[in-house]
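Observations on the model geometry
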Protein chains: 2
Amino acid sequence: MTGLGQAEPPATESVVRVRRLRRTERREQLLDAATRAFARTGYPATGLDDVAAEAGLTRAMLYRHFDSKADMYRAVLDRACVRLTEATGADDFDDGAIPALVRAAAADPDGFRLLFRHAVREPDFRDLVDELTAASRDIAHRSLARTIPPGPWLDWASRLVPALTIEAVIAWLDAGQPDPGQAAERVGQAVHGVMAAALPGAVPHVPPPATAPGTDDG
Amino acid sequence: MTGLGQAEPPATESVVRVRRLRRTERREQLLDAATRAFARTGYPATGLDDVAAEAGLTRAMLYRHFDSKADMYRAVLDRACVRLTEATGADDFDDGAIPALVRAAAADPDGFRLLFRHAVREPDFRDLVDELTAASRDIAHRSLARTIPPGPWLDWASRLVPALTIEAVIAWLDAGQPDPGQAAERVGQAVHGVMAAALPGAVPHVPPPATAPGTDDG
DNA sequence: CCGTTTATATACATCGAAGTGTACAAATCG
DNA sequence: CGATTTGTACACTTCGATGTATATAAACGG
């Protein structure tokens, strides 16, 4: 309605020749930016302006590719999930599983962190990661049951082994990703250590469980 | 369930004879309720109405005890931190550290989860937990340096050992807290496994780093 | 060269949660 | 009993983030 401030014309040689992207490429770039932004501060604390700034454009553009913030977040998580499952496969705990996981994490560290450090805590989106963790726990349970007798410590190890694997990979990412050739082997060794800790012989003897039920721990 | 103390029903009109609490007790009860509420859905996604509902009173009452939502959250985290450090002490990795941690986690599971699963991800509050994690990593580093030579894998283990300890304790909580007498020993065994994985001899040989760049890394 | 797509810029609408104020009711204590 | 504390109920403002609309400019493709 009014002569709103029009963008100043190039007027110089150094025109910022913005390369226009096709819809699909732009969408991928937006997903990349959103992954970084969300991985930094989490879903609720990250505004769409942050995502837009990370992508280098304005908030209005986001709505040309995604219906809502939740829709965008879901797309981000979906892509990370697909990448991960494609890289690792849904198969068992064979020798190639951990190397594949390490490779996938190194290929998309932000997506990896986003899935396992943030999305698990978001009530509206954890269903996406829950499939992964449930499958992992199931696989771990089946694999561990070959050496650990049934009982609470088998359950404990089945929960802990996937979590430890994730934590070990993230710690490896945080440490600067030293030689990837060793990484998978080290992670595997750590997992083996947890398995050993869940064996019946791991604990020498059961200390008497404090017959007085009163909690003296103040 | 609401922890309103002995709500003696007068068996008369619809008057709920609620026992009024003193300021200190009410504050403690509010901290308990806030711990539960925040541990369930995280700080940003938890409204003050949720906390009030969890405590069994109205939102206005919260402002008689805390200046703001952030102030309340900080009080919650502070109390959890104090409890934890009091229970474990700030000393080294002696034999009593892990049992103390397990006992503290069992005494306040929600506070434990809140600290290490949520607060670490909140940019405005992670400083509280960062002191804990930094101290843990430092302690772990000093302890591990006695057996692991300096290098990236010592750093890796120093990051991973505290994280694994936390994860192992949380997995133990999630598994239903089976016999606490064994728990600390199992966790210690798992930690030992990670230490072993960081030793130089853990990985049998270093696979050649693939002089031909692209084998199948798609 | 012209139309379509891609993008900018900005203003506006909307909506939920935080934070505030006030009036009133009930319980405890002197 | 009467004063103070503790709590309810509700209305209200403030504020930031989401979501929408419109006008305009630049790049690409035929």
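Parameters at a glance
- Residues numbered from 1 in each chain as written.
- Chains lettered and ligands numbered in written order.
- Predicted model: local features only at pLDDT ≥ 70, side-chain atom pairs only at ≥ 80, totals over all residues.
- Heavy atoms only, no water.
- Least-squares fit on C-alpha atoms with pLDDT ≥ 70 in both.
- Contact = heavy atoms within 4.5 Å.
- Core = buried A, V, L, I, M, F, W, Y, C linked by side-chain atoms within 4.5 Å.
- Buried < 20%, exposed > 50% of the residue type's maximum accessible area, 1.4 Å probe, protein only.
- Buried area = accessible area lost by both parts, 1.4 Å probe.
- Salt bridge = Lys/Arg side-chain N within 4 Å of Asp/Glu carboxyl O.
- Helix = DSSP H or I, 4+ residues; strand = E, 2+ residues; numbered from the N terminus.
- pLDDT = per-residue confidence, 0-100.
- Axes fitted to C-alpha atoms, helices over the stretch in contact; angles between N-to-C directions.
- Parallel < 35°, antiparallel > 145°, perpendicular 65-115°, else oblique.
- Left-handed = near helix turned anticlockwise from the far one by under 90°.

Things to note about the relation of the copies chain B and chain A
Aligned on chain A, chain B shows an RMSD of 0.1 Å; the corresponding rotation is 180° and the shift along the axis is 0.1 Å. The symmetry that links the two subunits is that of a two-fold axis. Distance from the rotation axis, computed per C-alpha, reaches its smallest value in chain B at Gly193 of chain B: 1.9 Å. Of the residues that chain B buries at the interface, 98% are likewise interface residues in chain A, meaning the two copies contact each other through the same surface.

A look at the nonpolar core
Among the nonpolar cores identified, the biggest contains 127 residues, and Phe112, Leu115 and Trp156 of chain A together with Phe112, Leu115 and Trp156 of chain B are the most heavily contacted of them. Residues contacting Phe112 of chain A, with those up to four places away along its chain left out, are Leu84, Leu101, Ala105, Ile166, Val169, Ile170 and Leu173 of chain A.

Here we look at the interface of chain B and chain A
Accessible area lost when the parts come together is the quantity often used to give the size of an interface. Listed per partner, the contact involves 42 residues of chain B and 42 residues of chain A. When chain B packs against chain A, close to 3700 Å² is buried across both sides, 70% of that on carbon and sulfur atoms. Broken down residue by residue, the surface that chain B buries against chain A is led by Arg121, Trp153 and Arg186 of chain B, which jointly contribute 21%. Where chain B touches chain A, the interface holds 0 salt bridges.

A short note on the pattern of salt bridges
Residues and elements named next belong to chain A. Overall, the coordinates contain 22 salt bridges over all chains when judged by the stated rule. Residue Glu28 is joined to Arg79 by a salt bridge in which the shortest nitrogen-to-oxygen separation is 2.8 Å. With Glu28 in helix H1 (residues 23-41) and Arg79 in helix H4 (residues 69-88), this residue pair connects regions lying 51 residues apart in the sequence. For Arg79, a relative accessible area of 14% gives the class buried.

What to know about the confidence of the model for chain A
Residue and element names in this part refer to chain A. Per-chain confidence: chain A averages 83 in pLDDT, with 83% of residues scoring 70 or above. Counted against residues more than four places away or in other chains, residues 1-18, with its pLDDT under 50, gives 1 contact. Counted against residues more than four places away or in other chains, residues 209-218, with its pLDDT under 50, gives 1 contact.

Some words on the packing of helix H7 (residues 126-144) of chain A against helix H8 (residues 152-174) of chain A
All names here are of chain A. The N-to-C vectors of H7 and H8 enclose an angle of 130°; their axes lie 8 Å apart at closest approach. Taken together, the axis directions place H7 and H8 in an arrangement best described as oblique. Note that H7 runs across H8; the crossing there is right-handed. Contacts from Ser136, Arg137, Ala140, His141 and Leu144 in H7 reach Leu154, Asp155, Ala157, Ser158, Arg159, Val161 and Pro162 in H8.

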